Amino acid sequence: MAALVGPALWQAEGSRWKPAASWELDHGIQHGDQGHYISVDTSYEGEKAVLSSPELYSEEWSCIRLIYQIATTSEASPDPARLNLYLRQEGESFDRLLWSAKEPSDSWLIASLDLVNSTKKYKVVLEGEMGQDKSASIAVFEIKITPGYCIECDFEENHLCGFVNRWNPNVNWFVGGGNIRNSQSILPKDHTLDSELGHYMYVDSVYVKHFQEVAQLISPKTTAPMSGCLSFYYQLKQESSIVFTVYLRDVSGFYEEIWKTDSALSADWALAEVDFNAPYPMEVIFEVAFNSAKGGYVALDDISFSPVYCSNQTGTPFNPAEAGCNFEEDLCNFYQDHKDGPGWSRVKVKRNVYRAGDHTTGFGYYLLANTKFTSQPEYIGRLYGPTLPGNLQFCLRFYYALYGFFKMSGTLAVYIFEENHVVQEKIWSVLDSPKGVWTQAEISFKKPMPCKVVFVSWCKSFWDCGLVALDDVSLSLGSCQAADLVLPSPGECTFEKDECVFTQKKRGRGSWHRRRGPTPTSYTGPRGDHTTGVGYYMYIEASDMVYGQRAYLVSRSLRGTSGKQCLTFFYHMYGAGTGLLSVYLKKEGDEEEIPLWRRTGEQSISWLRGLIEYESDRNYQIIFEAIRGVSIRSDTAIDDILFQAGPCLEVEEIQFSSGYPDSLNEIEY
């Protein structure tokens, strides 16, 4: 399936992209800059111009290539123009952001995005956001969807599949072939077409001036996890030593060598195959190093990829989910050393207004170290994780809470134990933390050998002993910094940056407010947010409202779909005067709002999880309504809203309830 798409097939939504000329299907990048393009400019300042493709379907892996330009004459704008590319999948209320760019350029740029095979129909949606830059314009020259992987290339098209040469004053990769008179072509035929008209990439040593001059050809960055066999054809002629190497480079700049030439001469096109593993975004770098101007040359053609390893490599790839745990059912793949004693206990706190519950739901299980059974001087509790493979970048995230310590430092630490358990390295420890608040920690690490993560809690003296809580341990591939750059899940709102898809019916003192840290009134409201413990949430400030006053947080219009949808969120209702929190569904064209969920009165000192399953085949809005209670101790908060397609995996038994259970500060072991 290949689609070179023009305005005849694409539909404008809202404010319009305007063709800078009649954009025809046969005008592609291969015609140079003589073709036509579409653009949007500042006559739409502050607006969004949206263009959607026809309905597409592909069971094979595909690559989207977009040739675009963002132009501006201003130096810097706090709200620059931006070009976004979304995937609109069948049955989902939200578009998934695949890619976004805001950097201006003087020339056309190319973006390459891997599209994982799927059984669902989809549309590709282009969105131009004009921002407040009055001199900005956005233009799109071509968008093309082809079967295969973005790192594959035969170099027959001018855009070179998004491969770029890292410019060097003396040695660079050039395009060879094509039977052009002024071509610097050094080979009679390419590999793809076996013809003098075909193209390939080459680098030679004619202009080398220094020892170990390096030329690099860099692939587009992978945008989806992939593993298998990378193959390419090359020719190598050397008169003095040439080093031809292939590397993988991750977003933090770490290089990993995956292939190097072993033969001194290759008079004809030779096939190279190498096992390739990119669980997180990677670039492939073809690097040639020369030692003299008489070094020779290297030519490269027909880079391809297969999801099957070249070698007879068997076994399933490592699944990072197996190294995480929310402790709801058991310890998962974590364990304790018997000689340490039962240092960590799996516990559960019933909903109450004195002691916080777990982080996962507010009423589930978590781990507690230094409990009443083990609070003794010189006590050490160790919790071992499963074995992790070596030579992979990991991001470890977990939540912890501390109670009753005079000194915070050293109360909880994370170590890496290499497999022989002889080498251990401390990679994190608590420095300072708000007491009794679930706080997120994240650690990036990479070890050459297989290793284990170990959580250690140490009680040095009786006066230093307190309680250490641990929950929601997760592991992902790639560094945490890279994970932070990953585009957000569609339909997720943590309120860390803004109010996402939500708006206020009426802004003022008696409306929802975005806040971090504790609320101003004592004995009501959360002490920190649910996302990280130190981030933002939305709440009503009861001292600015009167009894019975309402505040509404309303989503924008969401796309109706057939089938069930699941809404997850966290709510905080602590305070003797707490009022009501309700969630409504409002379908397009209906006057009445359908009540989906309600809680009345004080619920818990913890963040509690709410789950709602609903259906709407028409466009709709979700409304959060908070009503102020009888006193100023009525601050109600919400955080971490997530819309998901399909039924909820768990079901809340009670959708409408009031009050909290008749249990106080009970811990269940």
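Residues numbered from 1 in each chain as written. Predicted model: local features only at pLDDT ≥ 70, side-chain atom pairs only at ≥ 80, totals over all residues. Heavy atoms only, no water.

Visitor: Give me the lowdown on the overall build of the protein, citing residues and values where you can.
Guide: A tally of regular secondary structure across the protein gives one helix and 43 strands. Looking at the protein as a whole, 52% of its 669 residues are labelled buried. In the protein, 80% of the contacts between residues at least 6 apart in sequence involve partners at least 24 apart. For the protein, the accessible area works out to roughly 30900 Å², and carbon and sulfur atoms hold 51% of it. (Helix = DSSP H or I, 4+ residues; strand = E, 2+ residues; numbered from the N terminus. Buried < 20%, exposed > 50% of the residue type's maximum accessible area, 1.4 Å probe, protein only. Contact = heavy atoms within 4.5 Å. Areas by Shrake-Rupley, 256 points an atom, 1.4 Å probe, with all protein chains shown as cover.)

Visitor: I'd like a description of the pairing of strand β37 (residues 580–587), backed by residues and values.
Guide: Extensive coverage of β37 is indicated by the burial of six of its eight residues. The pairing of β37 with strand β38 (residues 594–600) spans six bridges and is classified as antiparallel. Residue pairing for β38: Y584 is matched across the bridge by P595. Between β37 and β38, which pair antiparallel in sequence order, lie six residues; one of them, G589, sits at a positive phi of approximately 95°. In this sheet, strand β40 (residues 620–627) lies alongside β37 in antiparallel orientation, the contact comprising eight bridges. Counted as the bridge partner of V583 is F624 from β40. (Pairing = 2+ DSSP bridges.)

Visitor: Break down the pattern of salt bridges for me, citing the residues and quoting the values.
Guide: The final tally for this structure, using the stated rule, is 12 salt bridges. Two residues, R249 and E283, come together in a salt bridge whose shortest N-O distance is 2.8 Å. Within this pair, whereas R249 is found in strand β17 (residues 242–250), its partner E283 is found in strand β20 (residues 282–290), the two being separated by 34 residues in sequence. Ionic pairing is found between E615 and K564, a salt bridge with its closest N-O pair at 3.7 Å. Taken together, the positions of E615 in strand β39 (residues 608–616) and K564 in strand β36 (residues 561–573) put the pair 51 residues apart, joining distant regions of the chain. One salt-bridge network, held together by shared partners, links R88, D95 and R559. (Salt bridge = Lys/Arg side-chain N within 4 Å of Asp/Glu carboxyl O.)

Visitor: Lay out the state of the cysteines in plain terms, naming residues and giving numbers.
Guide: Applying the stated criterion across every chain, the model contains seven disulfides. Each sulfur of the disulfide joining C63 and C150 lies 2.1 Å from the other. The sign of the S-S torsion, about 105°, decides the handedness of the disulfide formed by C63 and C150: right-handed. In this pair, C63 is assigned in strand β6 (residues 62–71) and C150 in the loop between β11 (137–147) and β12 (164–166), connecting sequence segments 87 residues apart. Look at C63 and you get buried, because its relative accessible area is 1%. In this model, C566 is linked to C648 through a disulfide, with the two sulfur atoms separated by 2.0 Å. Its S-S torsion of about 105° marks the bond between C566 and C648 as right-handed, since a negative value means left-handed. With a gap of 82 residues between them, C566 in strand β36 and C648 in the loop between β41 (636–645) and β42 (656–658) connect regions that are remote in the sequence. Judged by its relative accessible area of 4%, C566 falls in the buried class. (Disulfide = S-S within 2.5 Å.)

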